[in-house]
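Descriptive analysis of the structure
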Amino acid sequence: MSRASNLSDTDLRAEVRAWLAANWTQDKAQAIKQSQAVWGASDALKAWLGEVVEARWAAPRWPEQWFGRGLSNDQGKIVEREFAAAGAPGTGQCRTNMWANTLLARGQPALQEKLIGPLLRNEVNMCLLYSEPGAGSDLAGIRTRADRDGDHYVVNGQKVWTSGAAIADYGMLIARTDWDVPKHLGISFFFCPMKQDGIEVRPLRQVTNESHFNEVFITDAVVPAENLLGDLNTGWKVLQTALAYERSIMGEGARGARSGAQESKTEEVLIQLAREAGVLDDSVLRQDIAQAIAYKKLNALNTARAKADMAQGTSSSVMSLGKLAMSRILHEEARVRTAILGADSLLEGGDYPRAEDANFLTLNAYFTSIGGGTDQIQRNIIGERVLGLPKEPEVDKTIAFRDVRTNVQPT
Ligand SMILES: Cc1cc2nc3c(=O)[nH]c(=O)nc-3n(C[C@H](O)[C@H](O)[C@H](O)COP(=O)(O)OP(=O)(O)OC[C@H]3O[C@@H](n4cnc5c(N)ncnc54)[C@H](O)[C@@H]3O)c2cc1C
């Protein structure tokens with residue numbers, strides 16, 4: 001019996017509120033705000049997450065064995081709302097922590113024991129070793145291989161667009177473990193240790209002039225057998241679990257403006273911008289602003305619907321709507337900002353933060369429309385799984401992967 005399952009909603013609300021009042025101080029909030037990092041967690045955030053995990057608020061829907069309280073989905077929402085109202089991070093990870101959720105759902109006990117706590121406390125940095133130069137949208141076409149050798153696997157190949165690889169401790173890796181079966185059936189899923197001689201990480205520069213993702217060259221890297229998730233050759237299924245979490249997170253939000261200005265709601269930002277630029281009376285821009293706000297509101301309702309479906313255990317394909325919608329929202333918002341600024345949007349640099357933000361958001365919108373599966377692939381998923389349209393032809397779906405015709409050099 002989990003400790004909070006008998007609590008009424010009112011008692012639960014009172015408990016979490018009292019805990020936050022006693023533990024979430026202004027000093028901690030300030031320290032976390034000041035130490036924010038793009039990748040990895042600051043010491044201040046880690047220390048706070050440690051407290052949240054200790055108090056069993058980090059993943060309240062999970063069982064006690066895994067730092068949870070066995071709460072229902074609705075009671076989990078109560079906890080999340082209280083944390084959000086206090087501005088405190090760290091709860092709801094039973095819904096949002098892709099790494100820990102995938103490990104809990106499919107991992108072996110030894111690895112779960114070793115990493116679930118550290119993942120909740122953000123003490124380990126992770127990356128996704130999925131895409132390859134010849135396999136992005138067609139992810140099942142990967143050619144990185146993993147071969148069993150005693151109590152470990154030896155991995156060889158190349159990954160690309162790997163966000164955060166430079167500081168990662170582990171990568172969630174898909175690699176081919178059987179070449180004589182059709183492509184989806186010969187893939188396995190691993191937690192691959194990144195800090196080893198067989199892994200070389202080379203940073204790539206993005207259109208935003210940032211450098212968040214990397215090429216990863218893998219040469220005889222060693223992965224312990226206990227780091228296999230799911231059964232051998234069932235990695236495609238494990239990947240679906242991880243992708244569902246990734247898409248749901250990407251559908252919920254995205255990075256804000258680069259200027260660091262405190263971003264408020266879309267409606268406030270766009271209206272304020274139009275007022276400052278003296279174009280608030282322009283009927284076309286007013287229409288555009290209304291459209292951008294409407295997209296965002298609609299997506300919030302759709303995300304709530306998708307979450308309700310997930311809570312009932314229904315397929316998460318509706319989550320694809322959220323990610324696609326977020327991509328459209330981000331492109332549209334950036335376009336409207338640029339239209340409001342007019343020729344001023346061509347300016348750049350710290351003296352022109354409005355233009356800087358509009359340009360950054362325009363370029364950064366591609367993060368959501370490509371990362372985690374492109375808009376076109378999301379549309380295919382929606383067409384096939386939500387609307388029931390005929391599947392795309394896949395000529396290589398049923399032949400042994402070894403016999404698939406390709407222009408990529410054989411491994
Ligand atoms: C910001 C960012 C972060 C990323 N982080 C990671 C990461 O951490 N780890 C990782 O493994 N990968 C990462 N990626 C890679 C990302 O998942 C791939 O870029 C994406 O899946 C597309 O693959 P690709 O680049 O090979 O494009 P391709 O698959 O070559 O696609 C090229 C174009 O063809 C279209 N296309 C392809 N197939 C179809 C089809 N069947 N129907 C219709 N159109 C199609 C695509 O939509 C796209 O417009 C990241 C990408 C971005 C942008």
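Residues numbered from 1 in each chain as written. Predicted model: local features only at pLDDT ≥ 70, side-chain atom pairs only at ≥ 80, totals over all residues.

**Quick word on the overall build of the protein chain**
Along the protein chain, the regular secondary structure elements total 13 helices and 8 strands. Rg of the C-alpha trace for the protein chain: 23 Å, near the compact-globule value of 22 Å for 411 residues, within the 12% margin. When the backbone C-alpha atoms are referred to their principal axes, the protein chain occupies close to 70 × 55 × 45 Å. Every one of the 411 residues in the protein chain was classed for burial, and the buried ones make up 38%. (Helix = DSSP H or I, 4+ residues; strand = E, 2+ residues; numbered from the N terminus. Rg over C-alpha atoms; globule rule 2.2 N^0.38 Å. Buried ≥ 20, exposed ≤ 12 C-beta atoms within 10 Å, placed from the backbone.)

**Considerations on the nonpolar core**
Judged by nonpolar contacts, the single largest core of 66 residues is most densely connected at L120, V155, F190 and C192. Counting contributing residues, this core receives three or more from each of domain 1 (9-96) and domain 2 (126-233). Leave out the neighbours within four places in its chain, and C192 touches L129, V155, Y170, G171, L173, A221, V223 and N227. Formed by 22 residues, the second largest nonpolar core is a distinct cluster that contains L270, L321, A355 and F360. (Core = buried A, V, L, I, M, F, W, Y, C linked by C-beta atoms within 7 Å. Domains from an automatic or database assignment. Contact = placed C-beta atoms within 7 Å.)

**What about the pairing of strand β4 (residues 170-176)?**
Taken across its 7 residues, β4 has 7 buried, putting it largely inside the fold. Burial along β4 is two-sided: Y170, M172, I174 and R176 facing one way and G171, L173 and A175 facing the other are all buried. Two elements, strand β1 (residues 126-129) and β4, share 4 bridges in a ladder whose sense is parallel. The residue bridging M126 from the neighbouring strand is Y170, located in β4. Pairing analysis gives 7 bridges linking β4 to strand β5 (residues 187-193), with the strands arranged antiparallel. (Pairing = 2+ DSSP bridges.)

**Quick word on helix α3 (residues 43-54)**
The terminal C-alpha atoms of α3, which comprises 12 residues, lie 16 Å apart, in line with the 16 Å expected from a rise of 1.5 Å per residue. Close packing links the buried residues of α3 with α2 (26-34) and α7 (109-120). R56 sits one or two positions beyond α3 and adopts a positive phi of about 65°. (Expected span 1.5 Å × (residues − 1).)

**Description of the site of the ligand**
Around the ligand, 20 residues are found, and the nearest of them are Y130, G136, S137, G371 and Q376. Split by residue class, the shell around the ligand holds 8 nonpolar, 11 polar and 1 charged. Inspection of the shell around the ligand shows a minimum of three residues originating in each of domain 2 (126-233) and domain 3 (253-373). (Near = placed C-beta within 6 Å. Nonpolar A, V, L, I, M, F, W, Y, C, P; charged D, E, K, R; others polar.)

**Notes on the domain arrangement of the protein chain**
Quite often, the size of an interface is put as the accessible area lost when its parts meet. Domain parsing of the protein chain yields domain 1 (9-96), domain 2 (126-233) and domain 3 (253-373). Summarising the inter-unit geometry, the C-alpha centres of domain 1 and domain 2 are found 32 Å apart.

**Things to note about the packing of helix α1 (residues 9-23) against helix α4 (residues 73-86)**
Relative to each other, α1 and α4 sit at 35°, their axes nearing to 10 Å. At the point where α1 passes α4, the crossing takes the right-handed sense. Across the interface between the two elements, D9, L12, R13, V16, R17 and L20 from α1 touch Q75, I78, V79, E82, F83 and A86 from α4. Taken together, the residues of the contact of α1 with α4 break down into 7 nonpolar, 1 polar and 4 charged. (Axes fitted to C-alpha atoms, helices over the stretch in contact; angles between N-to-C directions. Left-handed = near helix turned anticlockwise from the far one by under 90°.)

**Topic: the environment of L71**
With respect to the element layout, L71 can be found in the loop between α3 and α4. On a C-alpha basis, the gap between L71 and P60 in space is 5.8 Å, while along the polypeptide they are 11 residues apart.

**Details of unusual backbone geometry**
In this model, F67 sits at a positive phi of 65°, which is unusual for a non-glycine residue. Since 23 C-beta atoms lie within 10 Å of it, F67 is described here as buried.

**What about the packing of helix α6 (residues 98-106) against α7?**
Interaxial distance between α6 and α7 falls to 9 Å at its minimum, and their mutual angle equals 160°. Comparing the axis directions of α6 and α7 gives the class roughly antiparallel. Seen along the crossing, α6 lies across α7 with a hand that is left-handed. Mapping the contact onto sequence places W99, A100, L103 and L104 in α6 and L111, Q112, L115, I116, L119 and L120 in α7. Classifying every residue of the contact of α6 with α7 by side-chain character gives 9 nonpolar, 1 polar and no charged. (Parallel < 35°, antiparallel > 145°, perpendicular 65-115°, else oblique.)

**What to know about the environment of T91**
Inspection of the secondary structure puts T91 in the loop between α4 and α5 (93-96). T91 sits 33 residues away from A58 along the chain, and the two C-alpha atoms are 4.1 Å apart. Excluding residues that lie within four positions of it along the chain, T91 makes contacts with V52, W57, A58, P60, V79, E80 and F83.

**Some points on the pairing of strand β7 (residues 213-224)**
Across 9 bridges, the pairing between strand β3 (residues 152-163) and β7 is antiparallel. What sits directly across from Y153, in β7, is V223. Across 5 bridges, the pairing between strand β6 (residues 199-203) and β7 is antiparallel. By the bridge assignment for β7, P203 is matched with N214.

**A few points about α7**
Between the first and last C-alpha of α7 there are 16 Å, a value that for 12 residues agrees with the 16 Å anticipated at 1.5 Å per step. Where α7 is buried, its residues meet α3, α5 and α6. Directly after α7, the chain includes N122, whose backbone phi takes a positive value near 60°.

**Regarding the environment of L243**
Relative to the helices and strands, L243 is located in helix α8 (residues 235-252). Looking at L243, the number of C-beta atoms within 10 Å reads 20, which means it is buried. Here the alpha-carbon distance between L243 and G372, two residues 129 residues apart in the chain, equals 7.3 Å.

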